[in-house]
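Coordinate inspection notes
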Amino acid sequence: MVVTIVSVMSLGVVLGFGGGASLLPGVRASDPVAQARRFEQAMTEARDMALFGRDLMGVQPLATGWEVLRYDADAELWQPVARAGPLEMPLAWSIAGLPYPAPPERVPGAVPPI
């Protein structure tokens, strides 16, 4: 019984952290729908941290994904909270209807555009 419970819990952890995409039938790491869901989940988590933690949050689009940032008022700079791993597909960002040339890496000290 204990082994079954631990197995189910470890499967939930693997799938929850995105490492289980290859374990699910019909899901590829480069699947646009899966990437959109990952982005939606990251935005939901950032929104929740902003609302419930009363933190100033931002999103930095990158050429290879995105990075969620939190403003550290004590240090007066943006600190990374979470980052999407390298994606298997090219991204083209558009913010407020205008094309946004995403940098390959976040520029330290720069204010995120979102």
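So, here's what we can say about the structure. Keep in mind that this is a model prediction, so the values were computed, not measured.

1. Side note on the pattern of salt bridges
Scanning the model with the defined rule gives two salt bridges in all. Across the salt bridge formed by Arg 47 and Asp 48, the nearest N and O atoms sit 3.1 Å from each other. Classification of Asp 48 by relative accessible area gives partly exposed; the value is 28%. The partner of Arg 70 in a salt bridge is Asp 55, with the nearest N and O atoms 3.2 Å apart.

2. A word on the side chain of Gln 60
With respect to the element layout, Gln 60 can be found in strand β1 (residues 57-62). Judged by relative accessible area, Gln 60 falls into the buried class, the value being 4%. Ignoring sequence-local partners within four residues, the contact set of Gln 60 consists of Trp 66, Glu 67, Leu 69, Tyr 100, Pro 103, Arg 106, Val 111, Pro 112 and Pro 113.

3. Some points on the nonpolar core
In this structure, Ala 42, Ala 46, Met 57, Val 59, Trp 66, Val 68 and Trp 93 together form the largest nonpolar core, which totals seven residues. Those elements that place two or more of their residues in this core are α2 (32-53), β1 and β2 (65-72). Those residues in contact with Ala 46, other than ones at most four positions away along the chain, are Met 57 and Val 68.

4. Quick notes on the packing of aromatic side chains
The full count for this structure, using the stated rule, is three aromatic pairs. Taking the centre distance of 4.9 Å and the plane angle of 80° together, the rings of Phe 39 and Trp 66 count as edge-to-face. Placement of Phe 39 in helix α2 and of Trp 66 in strand β2 is noted, with a sequence separation of 27 residues between them. Every member of this aromatic cluster is reached through a ring pair, and the members are Phe 39, Trp 66 and Trp 93.

5. Topic: the pairing of β1
In terms of residue burial, β1 counts as a mostly covered element, since six of its six residues are buried. Because side chains alternate across β1, one face comprises the buried residues Met 57, Val 59 and Pro 61, and the other comprises Gly 58, Gln 60 and Leu 62, equally buried. The loop that links β1 with its antiparallel partner β2 comprises two residues.

6. Side note on the pairing of β2
Sheet topology note: the β1/β2 ladder contains six bridges and is antiparallel. The residue of β2 that forms the bridge with Pro 61 is Trp 66.

7. What about unusual backbone geometry?
For Arg 54, which is not glycine, the phi torsion reads 55° and is therefore positive. Relative to the helices and strands, Arg 54 resides in the loop between α2 and β1. Its relative accessible area of 76% is what places Arg 54 among the exposed residues. Positive phi is not limited to glycine here, since Glu 76 has a value of about 55°. Residue position: Glu 76 is located in the loop between β2 and β3 (77-83). Of the residues examined, Glu 76 reaches a relative accessible area of 61% and is grouped as exposed.

What counts as what
- All residue numbers here refer to positions counted from 1 along the written sequence of the relevant chain.
- Given that this is a predicted model, residues contribute local features only at a pLDDT of at least 70 and side-chain atom pairs are listed and counted only at 80 or more, while totals for whole chains, interfaces and linings are drawn from all residues.
- Computation of side-chain values covers all heavy atoms of the structure but excludes hydrogens and water.
- Between Lys or Arg on one side and Asp or Glu on the other, a salt bridge is scored when a side-chain nitrogen of the former is within 4 Å of a carboxyl oxygen of the latter.
- Only protein chains enter the accessibility calculation, which uses a 1.4 Å probe; a residue is then buried when its area is under 20% of its type maximum, exposed when over 50%, and partly exposed in between.
- Numbering goes from the N terminus for both helices and strands, where a helix is a DSSP run of H or I of at least four residues and a strand is a run of E of at least two.
- Two residues form a contact once any of their heavy atoms are found within 4.5 Å.
- Nine residue types can take part in a nonpolar core, namely buried Ala, Val, Leu, Ile, Met, Phe, Trp, Tyr and Cys, and a core is a set of them joined through side-chain atoms within 4.5 Å.
- The rule is short: rings of Phe, Tyr and Trp, with Trp giving its six-membered ring, pair when the centres are within 6.5 Å, and they are stacked under 30 degrees, edge-to-face over 60, tilted in between.
- Between any two strands, at least two bridges found by DSSP are needed for them to pair.

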